[in-house]
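# A closer look at the structure
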Amino acid sequence: MTNPSAASHHRSLTSATGTSPDVIRRAQAGDADAFEVIYRENSPRVFALCLRLSGGARDEATELMQDVFIRAWRGLTMFRGESAFSSWLHRLTVNAMLESARSEKRRMARVMSIEDPESIGAEGLRATPDLQVDLERAIASLPEGARLAFVLHEIEGFQHGEIAMQLGVAEGTVRAQLHRARKLLIQALER
Amino acid sequence: MIDPTEEEKFAELNALVRQLPREIDPPADAWMSIRSEIDKTRPGESYTGTRRAIWQRPMFLAAAAVALVAVSSIMTAAVLGWDAGITRPRIVTASQRPQSKPQEPGPATLAEFASVENDYISTANQLSAVLESESNTLSPETVAKLKESLRIIDAAIIEARRALAADPGNRALIDMLNTSYNQKLDLLRRTTEMGRS
């Protein structure tokens with residue numbers, strides 16, 4: 001099953017002009033004010049991704065997002081403009097998340113988020129309707145593999161093969177995790 | 001095979017997912033921390049992340065350096081015991097060696113170590129040059145083992161250096177770096193002597 005809306009959203013991200021090349025060039029030359037422009041334009045998108053990838057823990061998502069932007073600043077000279085800046089940033093986010101997911105601290109945070117669903121992302125999602133909050137909480141409670149596959153495919157619009165490459169797993173594993181995620185989410189929403 | 005009811009539910013789920021916001025505002029003060037961090041460096045400079053991966057943490061690097069030193073010790077033994085046809089010097093480890101005088105304590109700080117590091121490098125370079133000029137006195141197997149052993153010791157030095165960059169006050173890492181350099185010099189000296197015997 002594909003999600004045409006998410007896919008088109010992803011396509012629009014990768015083809016959009018997004019952050020202007022001039023701002024990126026100034027930031028690459030060390031202009032921190034230009035980088036702030038980049039941050040203002042891209043942080044809501046990156047933060048949403050961080051929040052979902054990190055299982056809805058707002059503090060952790062904030063820390064992850066900050067890490068992503070600091071990495072982006074240091075690695076700006078490696079951005080050649082061959083893809084959209086937002087895609088490059090997106091890849092940095094997923095990589096940073098995967099790195100942090102391997103740490104013990106991250107595992108502990110995940111256990112807590114599953115055991116205490118009431119704490120999941122409530123602050124960040126306060127303005128959304130109830131059903132969306134339920135869905136966000138259900139996504140946050142998913143096992144990590146299923147959650148990453150679901151968020152990257154259904155929300156971010158990545159193809160199975162792209163996700164498999166990013167996560168370093170087989171494409172079949174991504175499909176299986178997605179199916180598992182969908183079933184778990186439906187169960188959670190039917191409760 | 002997905003049954004129709006399940007497919008319907010998946011479609012409903014998709015419809016709901018499409019309504020989720022793609023953007024969520026981060027905390028208002030999040031930029032300040034980023035700004036203070038990026039003011040310290042310029043694009044292109046190396047960064048290990050505020051949340052270091054486990055392989056970037058000093059303790060992991062220290063453990064890696066210990067492992068490398070251990071491996072290099074085994075390699076050193078292999079090098080010095082290799083040329084049985086020429087001579088087989090008894091391998092004496094540092095702990096087995098008779099202590100004619102108490103061992104002098106190594107540098108306690110990175111600053112102290114920096115002052116002796118140049119001497120280490122200079123001596124190692126001199127010994128390497130001697131060894132290079134006399135390499136025809138050693139068997140090719142010994143030379144290959146020596147090179148591999150030196151590569152491992154150098155890797156241990158690099159790892160200990162990296163770990164120290166992240167944790168400059170770590171005495172254990174300074175000791176490890178000191179040990180690695182000593183081991184390198186010891187290997188070079190003894191291999192040079194072996195070639196002359």
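Residues numbered from 1 in each chain as written. Chains lettered and ligands numbered in written order. Predicted model: local features only at pLDDT ≥ 70, side-chain atom pairs only at ≥ 80, totals over all residues.

## Details of the overall build of chain A
- Along chain A, the regular secondary structure elements total 10 helices and zero strands.
- Counting only contacts in chain A whose residues sit at least 6 apart along the sequence, the fraction spanning at least 24 positions is 64%. (Helix = DSSP H or I, 4+ residues; strand = E, 2+ residues; numbered from the N terminus. Contact = placed C-beta atoms within 7 Å.)

## Remarks on the overall build of chain B
- Along its length, chain B carries six helices and zero strands.
- Starting at the N terminus, the α and β elements of chain B follow one another as α-α-α-α-α-α.
- Here chain B holds 197 residues, and 25% of them are scored as buried. (Buried ≥ 20, exposed ≤ 12 C-beta atoms within 10 Å, placed from the backbone.)

## Looking at the nonpolar core
- Within the largest apolar cluster, 52 residues are counted, with the highest numbers of intra-cluster contacts made by Phe 47, Cys 50, Met 65, Phe 69, Ile 139, Ala 149 and Phe 150 of chain A.
- In this structure, Ala 124, Ile 157, Leu 164 and Met 176 of chain B belong to the second largest nonpolar core, which totals 18 residues. (Core = buried A, V, L, I, M, F, W, Y, C linked by C-beta atoms within 7 Å.)

## Details of the interface of chain A and chain B
- Across the contact, 44 residues belong to chain A and 35 residues belong to chain B.
- Among the elements of the structure, α1 (4–15), α2 (21–28), α3 (32–53), α4 (58–74), α5 (85–101), α7 (130–141), α8 (144–155) and α10 (171–190) of chain A are those that each provide at least two residues to the side of chain A that touches chain B.
- When its residues are assigned to classes, the side of chain A that touches chain B shows 19 nonpolar, 14 polar and 11 charged. (Nonpolar A, V, L, I, M, F, W, Y, C, P; charged D, E, K, R; others polar.)

## Remarks on α4 of chain A
- The terminal C-alpha atoms of α4 of chain A, which comprises 17 residues, lie 24 Å apart, in line with the 24 Å expected from a rise of 1.5 Å per residue.
- In terms of burial, α4 of chain A is a largely internal element, 15 of the 17 residues being buried. (Expected span 1.5 Å × (residues − 1).)

## Some thoughts on the confidence of the model for chain A
All names here are of chain A.
- On average, residues of chain A carry a pLDDT of 77, and 76% of them reach 70 or more.
- Here α1 stands out as the least confident element of chain A, with mean pLDDT 40; α3 is the most confident, with 94.
- Contacts for the low-pLDDT stretch residues 1–17, under 50 throughout, to residues beyond four places or in other chains number 25 contacts.
- Contacts of residues 104–128 to residues separated by more than four positions or lying in other chains number 32 contacts, the stretch itself having pLDDT below 50. (pLDDT = per-residue confidence, 0-100.)

## Some points on the environment of Ala 160 of chain B
- The topology assignment puts Ala 160 of chain B in helix α5 (residues 140–166).
- The sequence separation of Ala 160 of chain B and Leu 177 of chain B amounts to 17 residues, and the corresponding C-alpha distance is 5.8 Å.

## A few points about the packing of helix α9 (residues 160–167) of chain A against α10 of chain A
All names here are of chain A.
- Running from N to C, α9 and α10 point in directions that differ by 105 degrees, and their axes come no closer than 8 Å. Judged by the inter-axis angle, α9 sits roughly perpendicular to α10. Taken together, the residues of α10 that come into contact with α9 (itself represented by His 160, Gly 161, Ile 163 and Ala 164) are Glu 171, Val 174 and Arg 175.
- Here the contact of α9 with α10 is composed, by residue class, of three nonpolar, two polar and two charged. (Axes fitted to C-alpha atoms, helices over the stretch in contact; angles between N-to-C directions. Parallel < 35°, antiparallel > 145°, perpendicular 65-115°, else oblique.)

## Focus: the confidence of the model for chain B
Residue and element names in this part refer to chain B.
- Averaged over all residues, the pLDDT of chain B is 71; the fraction at 70 or higher stands at 62%.
- For chain B, helix α3 (residues 58–82) is the element with the lowest average pLDDT, namely 60, and helix α2 (residues 30–38) is the one with the highest, namely 91.
- Note that pLDDT drops below 50 for residues 52–56; the model gives that stretch eight contacts with residues more than four away or on any other chain.
- Overall, residues 82–103 carries pLDDT values under 50, and its contacts beyond four positions in sequence, including any with other chains, amount to 16 contacts.
- Scored by ipTM, the complex comes to 0.76, with pTM at 0.53.

## What about the packing of α3 of chain A against α4 of chain A?
All names here are of chain A.
- The N-to-C vectors of α3 and α4 enclose an angle of 140 degrees; their axes lie 9 Å apart at closest approach. Regarding the angle of α3 to α4, the classification is oblique. Seen from above, α3 lies across α4 with right-handed handedness. Where α3 abuts α4, its residues Phe 35, Tyr 39, Ser 43, Val 46, Phe 47, Cys 50 and Leu 51 lie against Arg 58, Ala 61, Leu 64, Met 65, Val 68, Phe 69 and Trp 73.
- Looking at side-chain class alone, the contact of α3 with α4 contains 12 nonpolar, one polar and one charged residues. (Left-handed = near helix turned anticlockwise from the far one by under 90°.)

## Regarding α7 of chain A
- Here α7 of chain A contains 12 residues, and its C-alpha end-to-end distance of 16 Å stays within 8% of the 16 Å for a straight helix at 1.5 Å per residue.
- Of all the residues in α7 of chain A, the buried ones are Leu 135, Glu 136, Arg 137, Ala 138, Ile 139, Ala 140 and Ser 141 of chain A.

## Topic: the environment of Ile 38 of chain A
All names here are of chain A.
- Mapped onto the fold, Ile 38 is located in helix α3.
- Between the C-alpha atoms of Ile 38 and Val 23, which are 15 residues apart in sequence, the distance is 7.4 Å.
- Once residues within four sequence positions are removed from consideration, Ile 38 is found in contact with Thr 19, Val 23, Ile 24 and Ala 27.

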